[in-house]
Amino acid sequence: MATQILLDSTHFNEIRNAIRSRSVAWDAIARSSEIDANDVNVAKKLESILIHKSAGSDITPTHIDGDIIKPLIHFLKTSTNEESRKYVTNLLAELLSSDMYSEPTIEYFRTEPEQLDELYDCSFNTTDAQTNLISSFNIVSLLIQQGLINVGLVKKLLTNDLYLDILRNLEQMDACYVCIRLLQELASKKEYRMTIWRNNGGFIHIVFDIISRAIQPNSTTKIVATNSNNLGIQLQYYSLLLLWLLAFDTQIAFELPHQYLQDFLNLLKLVKITIKEKIARLCFAIILQCCSKDVKGYKQLIKNLLLLGNTLPILQSLSERKYSDEELREDMTTLKELLDNEYKELTSFDEYLAELDSKLLCWSPPHIDNGFWSDNIDNFKNDNWKLFKQLANLLKEVSNEKDLKNITNKQKKIIIEVALSDITHVVDLLPESVNILTELNCKVVIMQLLNYPDSRVKYEALKATQAIIGYNYKN
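Every value quoted in this text rests on a predicted model; they were computed, and no experiment measured them. (Residues numbered from 1 in each chain as written. Predicted model: local features only at pLDDT ≥ 70, side-chain atom pairs only at ≥ 80, totals over all residues. Heavy atoms only, no water.)

Enquirer: Mind showing me how you'd approach the packing of helix 3 (residues 37-51) against helix 4 (residues 66-78) here?
Expert: A pair of packed helices can be characterised by two numbers: the angle between their axes and the separation between those axes. Interaxial distance between helix 3 and helix 4 falls to 9 Å at its minimum, and their mutual angle equals 115°. Relative to helix 4, helix 3 is oriented roughly perpendicular. Here helix 3 and helix 4 pass one another in a crossing that is left-handed. Each of Asn-38, Asp-39, Val-40, Val-42, Ala-43 and Leu-46 in helix 3 lies in contact with helix 4, whose residues at this interface are Asp-67, Ile-68, Pro-71, Leu-72, His-74 and Phe-75. Classifying every residue of the contact of helix 3 with helix 4 gives eight nonpolar, two polar and two charged. (Axes fitted to C-alpha atoms, helices over the stretch in contact; angles between N-to-C directions. Helix = DSSP H or I, 4+ residues; strand = E, 2+ residues; numbered from the N terminus. Parallel < 35°, antiparallel > 145°, perpendicular 65-115°, else oblique. Left-handed = near helix turned anticlockwise from the far one by under 90°. Contact = heavy atoms within 4.5 Å. Nonpolar A, V, L, I, M, F, W, Y, C, P; charged D, E, K, R; others polar.)

Enquirer: Looking at this model, I keep getting lost on the packing of helix 21 (residues 348-358) against helix 24 (residues 382-400). Mind explaining?
Expert: Here helix 21 crosses helix 24 at 40°, and the two axes come no closer than 10 Å. On the basis of the axis angle, helix 21 is oblique to helix 24. As helix 21 packs across helix 24, the resulting crossing turns out to be left-handed. Residues Phe-349, Tyr-352, Leu-353, Leu-356 and Asp-357 of helix 21 lie in contact with helix 24, whose contacting residues are Leu-387, Gln-390, Leu-391 and Leu-394. Looking at the contact of helix 21 with helix 24 residue by residue, the classes come out as seven nonpolar, one polar and one charged.

Enquirer: Quick question: what am I supposed to make of the pattern of salt bridges here?
Expert: For side chains bearing opposite charge, pairing can occur when the charged atoms are close. Scanning the model with the defined rule gives 25 salt bridges in all. For Arg-168, the salt bridge identified is with Asp-161, shortest N-O distance 3.5 Å. With its nearest N and O atoms 3.9 Å apart, the salt bridge here joins Glu-439 to Lys-389. Of the two residues, Glu-439 is situated in helix 26 (residues 433-439) and Lys-389 in helix 24; the sequence distance between them amounts to 50 residues. Look at Glu-439 and you get exposed, because its relative accessible area is 53%. (Salt bridge = Lys/Arg side-chain N within 4 Å of Asp/Glu carboxyl O. Buried < 20%, exposed > 50% of the residue type's maximum accessible area, 1.4 Å probe, protein only.)

As structure tokens, this is what we get:
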């Protein structure tokens with residue numbers, strides 16, 4: 001049974017309607033020595049029945065075989081005429097979209113699977129974005145069919161710059177939407193999920209950008225209007241649906257929040273501002289999948305939700321909303337129960353570790369509570385100063401990098417302030433920690449921060465410098 005991709009894209013339909021309305025000079029193309037006359041004849045016949053709905057052609061559903069498909073593929077291989085290539089590419093899309101012809105077309109590729117690789121190899125021989133968009137539709141339409149699973153071809157598509165350039169161009173949101181939909185269709189097949197995830201470098205930042213820009217009211221490029229603009233909402237929805245489908249794989253469910261923690265926590269911010277229940281439901285569904293007991297490190301993720309995501313207060317405020325979606329309400333209750341159970345076991349040191357591991361230091365209670373430092377100072381010395389080295393290296397990393405992924409300049413400044421303050425606490429209580437700072441070349445970084453443009457950073461750098469000099473003076 002064929003699976004058709006039902007694209008609710010006005011943009012994609014308009015492209016194909018414009019192609020259908022054009023006339024192709026088939027006779028002139030046939031006279032050229034470049035194109036085989038049989039290839040042109042097959043294209044003309046398909047145009048007659050698929051575009052003009054003419055009767056009398058000898059091409060029927062029972063005749064969709066190598067005599068039809070191979071000439072189309074050969075045409076794409078040999079033609080250098082952009083317009084005729086676009087037209088033939090769309091004829092393949094017509095076959096795959098047709099209620100009458102899609103099943104026999106797909107059945108042919110099932111019996112001759114090597115033809116799918118042939119089609120891919122000749123489908124992206126142009127820089128024309130519209131042709132490449134239709135080609136992507138054709139390839140994905142075949143890849144999702146039972147009997148046509150081809151992991152290698154999916155990897156090729158996800159590393160194909162002609163496809164990725166369309167996906168990454170957020171200025172052309174209509175075309176980006178089609179590419180996101182095609183990714184989501186691929187992710188619906190469990191056989192492809194790990195391949196998609198392992199090759200996400202070309203697109204995952206776009207998925208998160210689509211989500212995060214909805215919660216940045218001052219964004220210069222407003223591609224998503226959270227509570228209006230149907231296309232924007234649909235783009236947001238299918239981006240979330242893509243993440244949800246990927247997270248069915250427990251390894252991906254572990255790696256997703258581990259590698260993209262700040263973006264993952266932004267799902268909660270999105271829930272706070274959206275009035276679309278389908279958006280909120282998907283956000284909670286993704287979070288719960290990643291918090292499942294079947295996922296490695298799920299308890300640490302729950303701690304991060306508590307300590308870094310401010311999730312309990314968010315859930316409390318959301319509980320006052322009258323959601324009509326029963327599944328959404330159940331997911332909120334389930335997440336709250338998970339958080340409540342973990343909250344009972346939390347300590348202030350857990351909170352500190354969560355911040356340090358995530359690199360998202362802020363002025364939370366542990367950093368300013370003298371009791372915390374006196375109670376936990378030995379932890380910074382244990383295991384050959386492992387924790388203190390992590391703190392010092394974080395300061396070096398954030399101070400030396402001009403642009404940090406997923407961290408704003410304001411967050412960067414706060415991280416530096418807090419790290420400097422923490423180092424001062426450790427040096428005051430464990431003076432020998434200065435030797436570690438020397439070993440890591442971190443003293444130089446601290447002194448350089450005395451010239452930082454922000455006064456609070458300068459102040460914390462001065463305190464840390466004074467603590468270090470005090471130790472050096474005593475020795």
